[in-house]
Amino acid sequence: MTGLVATSLTCIKRDRVLFENLNLQLQTGELMYLRGPNGAGKTSLLRLLTGLSMPEAGEVTFNHAPVQHSESQFYRQSIYLGHKSGLSSALSALDNLTYWCAQHQVTVTESQIVNVLDVVGVTGLEDIPVAMLSAGQQRRVALARLWLKPARFWVLDEPFTALDTAGVALLETTFKKHVDEGGAIITTSHQPLSARAGTHRYFDLEYRF
Ligand SMILES: Nc1ncnc2c1ncn2[C@@H]1O[C@H](COP(=O)(O)OP(=O)(O)OP(=O)(O)O)[C@@H](O)[C@H]1O
């Protein structure tokens with residue numbers, strides 16, 4: 001099966017089985033909203049889906065190839081944004097995004113990055129250390145990567161954290177646009193998605209003791 005496919009996944013952390021025999025499929029044109037209480041294993045699942053960690057059992061494939069393979073097409077066609085911003089606080093937004101683009105083989109000019117920072121509402125703050133930005137502004141800088149790398153598959157861990165209502169609206173609208181254009185998104189959040197995000201399906205993880 002094409003797309004991102006998890007088959008019979010088992011994940012164990014410190015002797016606790018977070019989930020076992022878990023099956024999940026994400027295809028282009030889909031928005032999947034991964035829900036569950038604190039500690040259920042949402043981040044653990046996203047890390048398995050992106051090949052950042054290995055399951056105790058089962059496998060994850062992208063268009064039939066294992067995602068763990070660093071040269072796999074999944075890395076070229078995906079973006080994973082963790083719940084931490086992944087920004088260097090001593091560097092400016094511009095420098096952070098410039099380095100990130102270089103790491104991800106994204107060819108981009110400085111003015112394109114400045115334009116994207118404008119789109120995400122961080123206008124005029126591109127040159128100061130990220131440490132001097134508010135939590136919501138830092139989140140916006142982190143999310144700017146979605147506009148910079150032309151990746152179909154977005155794997156997002158709590159991307160709405162610290163965003164104000166306008167930021168939430170911008171991201172939800174962007175979700176819908178991305179999916180309408182043939183992208184695929186799996187995202188976690190502790191807040192419900194609104195209709196602005198478009199059609200989405202739920203994947204629920206229970207907390208297992
Ligand atoms: N590296 C690790 N070592 C040991 N235990 C871990 C590790 N990472 C996660 N865990 C444990 O796995 C469980 C699931 O964590 P995870 O971060 O996947 O949950 P989550 O559903 O994303 O939670 P939240 O909603 O709070 O972000 C937690 O009980 C956590 O303590």
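For the structure itself, look to the data block above.
This is a predicted model, so every value here is computed, not measured.

Thresholds, definitions, all that
- Residues numbered from 1 in each chain as written.
- Predicted model: local features only at pLDDT ≥ 70, side-chain atom pairs only at ≥ 80, totals over all residues.
- Helix = DSSP H or I, 4+ residues; strand = E, 2+ residues; numbered from the N terminus.
- Rg over C-alpha atoms; globule rule 2.2 N^0.38 Å.
- Buried ≥ 20, exposed ≤ 12 C-beta atoms within 10 Å, placed from the backbone.
- Contact = placed C-beta atoms within 7 Å.
- Pairing = 2+ DSSP bridges.
- Near = placed C-beta within 6 Å.
- Nonpolar A, V, L, I, M, F, W, Y, C, P; charged D, E, K, R; others polar.
- Core = buried A, V, L, I, M, F, W, Y, C linked by C-beta atoms within 7 Å.
- Right-handed = clockwise from strand over helix to strand, strands pointing away.
- Axes fitted to C-alpha atoms, helices over the stretch in contact; angles between N-to-C directions.

**Observations regarding the overall build of the protein chain**
In terms of helices and strands, the protein chain carries seven helices and nine strands. Relative to its length of 209 residues, the protein chain is compact, with a C-alpha radius of gyration of 17 Å against a globular reference of 17 Å. Here the C-alpha coordinates of the protein chain stretch approximately 50 × 35 × 35 Å along the principal axes. In the protein chain, which comprises 209 residues, the share counted as buried stands at 35%. Nonlocal contacts in the protein chain, meaning residues at least 24 apart in sequence, comprise 69% of its contacts between residues at least 6 apart.

**Observations regarding the pairing of strand S6 (residues 78-81)**
Sheet faces and side chains relate simply in a regular strand, where the side chains alternate between the two faces. Neither face of S6 is exposed, since Ser78 and Tyr80 on one face and Ile79 and Leu81 on the opposite face are all buried. Note that S6 and strand S7 (residues 153-156) share four bridges and pair parallel. Along S7, the bridge assignment pairs Ile79 with Trp154.

**Examining the environment of Phe160**
Looking at where Phe160 falls in the secondary structure, it is placed in the loop between S7 and helix H7 (165-180). Here the alpha-carbon distance between Phe160 and Thr10, two residues 150 residues apart in the chain, equals 28 Å. Contacts of Phe160, omitting those with residues within four sequence positions, involve Val168, Leu171, Ser189 and Gln191.

**Quick word on the site of the ligand**
In the vicinity of the ligand, the contacting residues are Lys13, Arg14, Leu18, Gly36, Asn38, Gly39, Ala40, Gly41, Lys42, Thr43 and Ser44. Residue contributions to the shell around the ligand peak at three residues, all from helix H1 (residues 42-49). Partitioned by chemical class, the residues of the shell around the ligand number two nonpolar, six polar and three charged.

**Details of the nonpolar core**
One finds Leu49, Val141, Trp154, Val155 and Ile185 to be the most contacted residues of the largest nonpolar core, which totals 52 residues. Apart from the residues lying within four places of it in its own chain, the contact partners of Val141 are Leu87, Ala93, Asn96, Val122, Val130 and Leu133.

**Things to note about the pairing of S7**
The alternating pattern of S7 places Phe153 and Val155 and Trp154 and Leu156 on opposite faces, both of which are buried. Here S7 pairs with strand S8 (residues 184-188) via four bridges, running parallel. Directly across from Phe153, in S8, lies its bridge partner Ala184. Where the polypeptide runs from S7 across H7 and back to S8, its parallel neighbour, the crossover connection is right-handed.

**Let's talk about the sheet that holds strand S9 (residues 201-204)**
Paired through backbone hydrogen bonds, the strands of a sheet run either parallel or antiparallel to each other. If you trace the five strands from one edge of the open sheet to the other, you get S6-S7-S8-S3-S9, paired in parallel fashion. Each edge of the open sheet is held by one strand with a lone partner, namely S6 and S9. Put simply, the sheet's adjacent strands are angled 15 degrees from each other on average, direction ignored. Where strand S3 (residues 30-35) meets S9, four bridges bridge the pair, whose relative direction is parallel. The residue of S9 that forms the bridge with Tyr33 is Tyr202.

**Quick word on the sheet that holds strand S1 (residues 4-13)**
As summarised here, the arrangement of the four strands in space is S2-S1-S4-S5, forming an open sheet in which the pairing is antiparallel. Each edge of the open sheet is held by one strand with a lone partner, namely strand S2 (16-26) and strand S5 (65-66). As paired elements, S1 and strand S4 (residues 57-62) share five bridges and run antiparallel to each other. Of the residues in S4, the one forming a bridge with Thr7 is Glu59. This element, H1, spans S1, S2 and S4 of the sheet and lies at about 130 degrees to S1.

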